[in-house]
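What follows is each chain in one-letter form.
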There are 2 protein chains.
Amino acid sequence: MALMPIYHLKGVPKMDLDRLKGRSELEINRIADQVKVVVEDVRNRGDRAVVEYVKKFDRVDLKPQNLLVSLKEFDRASKTLAKPIKRCIEHAAENIQRFHQAQMPVSSWFTEVDKGILIGQITTPLSSVGLYVPGGRGSFPSTVLMSVIPAKIAGVEKLAICTPPRPDGRVDAAALYAADMLGVHEVFKVGGAQAIAAMAFGTETIPKVDKIVGPGGIWVSAAKRMILNYGNTGIDFIAGPSENLVLADDSANPRYVAADVLIEPEHGSDSAGVVVTTSRALAEKVQSEVEKFIGELPEKPINRRRFATDSIAKYGAIIVTENLDEAIDFVNSYSVEHLEIMTRAPLQTLMQIKNAGSIYLGDYSPCSVGCYACGANHILPTGTGARIFSGLSVRDFIKQIDYSYLSKQGLETINDTIRGLSEYEGFPQHGKAVRVRFE
Amino acid sequence: MALMPIYHLKGVPKMDLDRLKGRSELEINRIADQVKVVVEDVRNRGDRAVVEYVKKFDRVDLKPQNLLVSLKEFDRASKTLAKPIKRCIEHAAENIQRFHQAQMPVSSWFTEVDKGILIGQITTPLSSVGLYVPGGRGSFPSTVLMSVIPAKIAGVEKLAICTPPRPDGRVDAAALYAADMLGVHEVFKVGGAQAIAAMAFGTETIPKVDKIVGPGGIWVSAAKRMILNYGNTGIDFIAGPSENLVLADDSANPRYVAADVLIEPEHGSDSAGVVVTTSRALAEKVQSEVEKFIGELPEKPINRRRFATDSIAKYGAIIVTENLDEAIDFVNSYSVEHLEIMTRAPLQTLMQIKNAGSIYLGDYSPCSVGCYACGANHILPTGTGARIFSGLSVRDFIKQIDYSYLSKQGLETINDTIRGLSEYEGFPQHGKAVRVRFE
C-alpha cells in the first residue's frame, strides 16, 4: 500500500476526514490532565518544580541559579559557532527585519469625526513578553529571530526566552548567538509546559510576563491554552504541531509538490502534510515522489524518516477534487498553517483564500523559505486557528489605544444624543456627566 | 465616614491596594465552578439546556424555536420605538462608522525585501462572529452599534447576537432597531454564560461561531475565559465588569471629576471608579461632590444609587500622589478600561500612558461620550487586560495573512542561507525542497 493515500474529496470516509481535519487536536486534548499537573505545580512551587521537570523531561540536573544562561555561555556560543552559520542568521535577520518593519503602525493618528470631536489611536508596546523557543527534535535559532525581531520593532522592553537545554546542559549556540545579536540576554534553560507555566506565573528566577508567544509541540500548546484559565497572561495562539498543505493544479511540478508536502512532517509524527489537487495524474505522480523523498530522509541523528512516515500515515493525504473551486473550499475549511499555491494563476487563487497562516505562491516558494529567510514569520496558527488568528507580527506586541478629545462645542454636538441614549438605556450618571459641563 | 476614601499612594494598606487593583477578578474566579456547570451542560445538551437556563436566570419560558427573534418582533420594535431614540441611534452610528472605517487596513500590500522576494499581507475577514449584548441591569442598543459596525466594515458575513430577554420575553426595541438598521437578523434571546457556551459550541438553534466578542458581567466574563479551554473559538478579551479612572491635577474641575468617576460604578456593584490626583485639595472637593452625585442617583426602576455606593465602597478610592510621574506610574500599573486625563497638558500626559482601554482627554470628554456617540468603541479590556489587549476595533474581525512570492532568482538569493540553517537546525527536507528547484 502507498504511504500517502489518494482520495477523491467526495469519497473520503467521514472517519478519515475528521482525523485529517482534526490533526493533532486530539493529541493535545489527551495530555491536558498531565499538563495541568505540571502547570499547577510550577504555579505553587516555582523554581523547585521547574528544576524537577527539567530533570525529568530534559534529563538535565540544574540548580535554580543555573537556569539563566550566563554571559560566559553567550560568549562561548559566539566563539564556537561557525562563521557561515553566523552569516546565515544575519542574512535571515535582514529580510525578517525589513518585512516586519513595514508592519509597524504609526505611533498615533486621529480623525475629526465631527466638528470638535477628535478620535484616534495611539500605539504602545506591551511591557513584557516571554518567547518560547523549541528544542529537542531540532534546534531553532530561526525562532529566536521570528519572535525577537517583531517584539523589538514594537518596542517591548522586557523580553525573556525559555528554551529546553540539550543533554549536555547547554543551549544551542546559534540560538544564543541570535539572541545576543538582538540584545536579549534573559534566556532560561527550561522547555515544555513547565516553561509556559513559569513565564505565566513567574518563579523566583523566571519573570512573570504579560504575554507568551512562540511555537511548540503538544505540551507547549496544551500549556498555552491552560494558562488562559488563570486570566493574567495572554498568548499569541496555538502554534504547533506544524502543518502544511499544497494546493496544486495540473500545471504544478509533482516533484516540487512532493518535496514540499514533507517539509512540516519531518518535524515530528504529530505534524501534518496534505496535497489538494484538481489533477488525478498529478496526485499519482506526487504519491510516488513522496515515497522516494521519504526514503532519502536520514534516520540519524534524529529519525526524520520515521517522523515523516508516521505523520503522513496519520494526518497525510492527497485529495483530488472536481475543480479548483471545490479545492479552494476544502483549503478554506482545513485552515492550514502553511499553504502553498501552485496553480496556473496563483495570485488569482490567493484572492479566494480566506483562512491560512502563511501563503506561498508559485513554483519557487516552498514554505521552507518562510521557515528561515524570506522575511515572513514562521510562528503561525495551527489546528484551524487560522480561521481566527493572523500569524505572528508586530501587532502581537503592541496595543492601539483609542483616545477621544472633545472641545466644548464638540461635546455640545452630541449632548442630545448622549442624553437620549443614557436615559433610554437607564444610566442617568452617563448623561449627567455631560450636563454638568453646561451648568 | 466618607463614602469614597482618600489615600496617599504611599500609605495605601497592602490589603486595600490589592483589592483596588484586583477589582472584580476575585468575583469572576469565585463563580468559575458554577459557570463550568452551565458551559458543560449547554455543550452536552444544546437547546434543552439553554431554555432551562433562560427560564432559571431570566424567568422567561421559551421553546427552542422561539429563541430566535422573529421578523415580526423586529417590525414591532421599529414601529414602537420613539423617533428621537431612533435619531440618537443613527447619530451615534455615524460617528462610530467614521472612526472605525479609518481603522480598516488595505486589502493587500507587499514589500520587495530583496530582488525577487516579495513578502506581503492580505486582509481577510473572519467568517462568523457571535456578538454578546448585555441586558438585565439596563438596555444596550449602543453595544449593538459597537460590535456590529466594526464587524461589518471588516466584512464578516455571519453575525449572530445573543442578548437576554426581558421579563416579558421580548428583546429591547432599540437593540432590535439598531440590529435591523445594520442588517443583522440572527438575534437570540439568551444571555449570560449559557449564551457564550451556545455560540462557542453551537446548539440545534444557535450557530457555532469562530469568535465571540462583547461586554458582560462576571458570568459572561467567566464563560468567555472558560470556552478557551476547548480550543475551537476565539474571544476578544474579558470586557466587564466596567471600570474607570480619572487622572487629575489641581487644574481639574472637581465637579467634573466627581461626576465622571461615577459613570461606570452606576453599572453595578462589581464595577470600579478611581481618582488619582496630585492635589490633596482637589481630592477633598471630589470626595464631597461624589456624595452629592450619589445622593442624586435614582433608586428606581433600578437602584443605581445602591450600585454606585457599593461599587465605590469596594473598588473606589481617591489616591493622592506626590507628583504627576508617580500618578502616571500608578495609572499604568492599574491598566484601567476607561481613563480620563484632566491635567494642564493632557496630550503630554497621554504620551506617558502605556496601558488603558480607551482614553478621554481634557475638560469636555467625560468617558460617557465614548459609551455612546463620539465614535470610540466601548467594548474594552477590563481587569488589567489593557496591559495586553487593545479595545475592540476592526482588527478583531480580520486576519492579515502573510504571503510570499519568490522568483527563481529570488529563491537563488536565499538558497545558501536556507541550506545552512536547515542543515544546522537538522531539517534536511527544508533544504531539499529548495534544492529540487535547481536540479
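Quick look at the structure, then.

Parameters and conventions
- Residues numbered from 1 in each chain as written.
- Chains lettered and ligands numbered in written order.
- Predicted model: local features only at pLDDT ≥ 70, side-chain atom pairs only at ≥ 80, totals over all residues.
- Least-squares fit on C-alpha atoms with pLDDT ≥ 70 in both.
- Contact = placed C-beta atoms within 7 Å.
- Helix = DSSP H or I, 4+ residues; strand = E, 2+ residues; numbered from the N terminus.
- Expected span 1.5 Å × (residues − 1).
- Nonpolar A, V, L, I, M, F, W, Y, C, P; charged D, E, K, R; others polar.
- Pairing = 2+ DSSP bridges.
- Buried ≥ 20, exposed ≤ 12 C-beta atoms within 10 Å, placed from the backbone.
- Right-handed = clockwise from strand over helix to strand, strands pointing away.

Overview of the relation of the copies chain B and chain A
The two chain copies are connected by a rotation around an axis plus a translation along it.
At step 1: For the pair chain B and chain A, the superposition axis carries a translation of 0.0 Å, the fit reaches an RMSD of 0.0 Å, and the rotation angle comes to 180°. Expressed as a symmetry operation, the mapping of one chain copy onto the other fits a two-fold axis.
At step 2: Here 100% of the contact residues of chain B are again contact residues in chain A; the copies associate through an equivalent surface.

Describing helix H13 (residues 304-315) of chain A
At step 1: If you check H13(A), its first and last C-alpha atoms are 16 Å apart, about what 12 residues at 1.5 Å a residue would give, namely 16 Å.
At step 2: Buried-residue contacts for H13(A) involve helix H1 (14-22), strand S10 (272-277) and helix H12 (280-296) of chain A together with helix H18 (428-435) of chain B.

With respect to the interface of chain B and chain A
At step 1: Taken together, the contact pairs 100 residues of chain B with 100 residues of chain A.
At step 2: For the side of chain B that touches chain A, the element with the most residues is helix H17 (residues 408-425) of chain B, which contributes 11 residues.
At step 3: The residue makeup of the side of chain B that touches chain A, split by class, is 51 nonpolar, 31 polar and 18 charged.
At step 4: Sheet topology places strand S14 (residues 398-406) of chain A next to strand S13 (residues 358-361) of chain B; 4 bridges connect them, and they run parallel. When the sheet's bridge partners are listed, A:Asp402 is paired in S13(B) with B:Ser358.

Describing unusual backbone geometry
At step 1: The step from A:Lys300 to A:Pro301 runs through a cis peptide bond, and the omega angle for that step is 0°.
At step 2: Even without being a glycine, B:Arg23 presents a positive backbone phi close to 30°.
At step 3: Within the secondary structure, B:Arg23 sits in the loop between helix H1 (14-22) and helix H2 (25-30).
At step 4: Judged by the 26 C-beta atoms lying within 10 Å of it, B:Arg23 falls in the buried class.
At step 5: Positive phi, normally seen in glycine, also occurs at B:Ser335, with a value near 50°.
At step 6: Here B:Ser335 shows up in the loop between helix H14 (324-334) and strand S12 (338-342).
At step 7: On the basis of neighbour counts, which here come to 26 C-beta atoms within 10 Å, the residue B:Ser335 falls in the buried class.

Considerations on the environment of A:Lys432
Residue and element names in this part refer to chain A.
At step 1: Its location among the elements puts lysine 432 in helix H18 (residues 428-435).
At step 2: Among the residues examined, lysine 432 registers 21 C-beta atoms within 10 Å and is labelled buried.
At step 3: With 23 residues separating them along the chain, lysine 432 and glutamine 409 place their C-alpha atoms 17 Å apart.

Regarding the pairing of strand S9 (residues 243-248) of chain B
All names here are of chain B.
At step 1: For S9, a buried count of 6 out of 6 residues is recorded, marking the element as mostly surrounded by other parts of the structure.
At step 2: Covered by surrounding structure in S9 are Glu243, Leu245 and Leu247 together with Asn244, Val246 and Ala248, the residues of both alternating faces.
At step 3: Examined bridge by bridge, S9 and strand S10 (residues 272-277) share 6 bridges and lie parallel to one another. Residue pairing in the sheet places glutamate 243 in a bridge with alanine 272 of S10.
At step 4: Running through helix H11 (residues 254-261), the crossover from S9 to the neighbouring parallel element S10 is right-handed.
At step 5: Where S9 meets S12, 5 bridges bridge the pair, whose relative direction is parallel.

Read these as layout, nothing more, since geometry by itself doesn't imply function.
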